[in-house]
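Fold and contact review
Next come the chains, spelled out residue by residue.
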Amino acid sequence: MRLRLIYKGFLSYGVRWPLGKVVVAFLSLVSPVMADEPVTVLALGDSLTQGYGLPEQDGLVPQMQKWLEDQGVEARLINAGVSGDTTAGGAARVEWSLTPEVDAMIVALGGNDLLRGIDPAVSRGNLEAILQVAEAKGVEVLLVGLKAPGNYGADYKTSFDAIYPDLSEAYGAILAPDFFAGLGGGDPAALQEWFQADGIHPNAKGVARIVDGLGPQVRDLIEAARATE
């Protein structure tokens, strides 16, 4: 319809252009807009994504948006973090969250599964359901992993930690092995510098370090999404 209207425009005022010239003129009008259109990325997660306990501008998504802008990467991030959400919650809402304008998705879920001691097989099934929906919709995915603590036992940790790399390989998703990788390792007590008083949610400076760690993989996600447009 838009092409027909533009074409009619070239016939106005008594001017009739050959069809080839009309097509060239049309492409010159719309191509720059299409090329400059930012990739839309949905960040599907829990309170770590939502920005729990922080002013809005200090949360993960706004800080990641700024990181991308500073890198010259054109993208629009949508904050789909819900505090308290489990992998089951993400699986329940991913279908309607992936609206037509979404080109790529960050999946950062599993923290609340760990806090509740949910069977890793259940978490795996929920995350796989999310990836299946993304695959069906042609949406590129960055899967952000977590490392299980040792207090549930070695078998639990082994099973949980394997979820993210296994699913990443099976579905061709980009993998960020550990959400908290940007904070570094070392003495757990020293890491509290980057957390709020609850010891679970990062403070603004902690989020900045997490963004620095995840940023390159988010950039890779956006490049992958742009390549498939």
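All chains use their own residue numbering, which begins from 1 and follows the written sequence. In keeping with the model being predicted, local features are shown solely for residues with a pLDDT of at least 70 and side-chain atom pairs are shown and tallied solely at 80 or more, while totals for entire chains, interfaces and linings include all residues. Excluded from the side-chain calculation are hydrogens and water; included are all heavy atoms of the structure.

1. Considerations on the side chain of Ser 97
- Structurally, the position occupied by Ser 97 is in helix α5 (residues 87–97).
- Type-normalised accessible area, obtained with a 1.4 Å probe on protein chains alone, sets the label of each residue: buried when under 20%, exposed when over 50%, and partly exposed for intermediate values. On the basis of relative accessible area, Ser 97 is assigned to the buried category, the value being 10%.
- In what follows, residue pairs with any heavy atoms lying within 4.5 Å of each other are defined as contacts. Those residues in contact with Ser 97 that lie beyond four places of it in its chain are Leu 42 and Val 102. Secondary structure follows DSSP: runs of H or I at least 4 residues long count as helices, runs of E at least 2 residues long count as strands, and numbering of each begins at the N terminus.

2. Quick look at empty space enclosed by the protein
- Cavities and pockets are defined on a 1 Å grid built over the protein atoms alone: a cavity is a set of grid points where a 1.4 Å probe fits but cannot escape, while a pocket is an open set with protein on both sides within 12 Å along at least five of seven lines, and lining residues are those with an atom within 4 Å of any such point. Grid points are joined across faces, edges and corners, and a volume is the space filled by probe spheres set on the points. Scanning the entire structure with this criterion turns up three cavities of 30 Å³ or more.
- Of the voids in this model, the largest cavity is the one considered here, and its volume is about 80 Å³.
- For the largest cavity, the full set of lining residues is Ala 43, Thr 49, Leu 60, Val 61, Met 64, Leu 77, Ile 106, Ala 108, Phe 179, Leu 214 and Val 218.
- Looking at the lining of the largest cavity element by element, the count peaks at three residues for helix α4 (residues 60–70).
- Each residue is assigned to one class: nonpolar for Ala, Val, Leu, Ile, Met, Phe, Trp, Tyr, Cys and Pro, charged for Asp, Glu, Lys and Arg, and polar for all the others, Gly among them. By residue class, the composition of the lining of the largest cavity is 10 nonpolar, one polar and no charged.

3. Structural notes on α4
- Listed as buried for α4 are Leu 60, Val 61, Gln 63, Met 64, Gln 65, Trp 67 and Leu 68.
- The secondary structure elements touched by the buried residues of α4 are β1 (39–45), α3 (47–50), β2 (75–81) and α11 (204–227).
- Positive phi shows up at Gly 72, right after α4, with a value of about 75 degrees.

4. Concerning the layout of surface pockets
- A volume near 720 Å³ is recorded for the largest pocket.
- In terms of lining, the largest pocket is formed by 26 residues, of which the most central are Leu 146, Lys 147, Phe 180, Phe 195 and Ile 200.
- When residues of the lining of the largest pocket are assigned to their parent elements, the largest contribution, four residues, is made by helix α6 (residues 111–116).
- Along the lines of polarity and charge, the residues of the lining of the largest pocket split into 14 nonpolar, nine polar and three charged.

5. Regarding the pattern of salt bridges
- A pair is scored as a salt bridge if a Lys or Arg side-chain nitrogen falls within 4 Å of a carboxyl oxygen belonging to Asp or Glu. A full pass over the atoms with the stated rule returns five salt bridges.
- Across the pair Lys 137 and Glu 95 runs a salt bridge, and its minimum N-O distance is 3.4 Å. On the criterion of sequence distance, the pair formed by Lys 137 in helix α7 (residues 120–137) and Glu 95 in helix α5 is long-range, its members being 42 residues apart.
- Owing to a relative accessible area of 47%, Glu 95 belongs among the partly exposed residues under this scheme.
- Across the pair Lys 157 and Asp 161 runs a salt bridge, and its minimum N-O distance is 2.9 Å. With a gap of four residues between them, Lys 157 and Asp 161 both fall in helix α8 (residues 154–161), about one helical turn apart.

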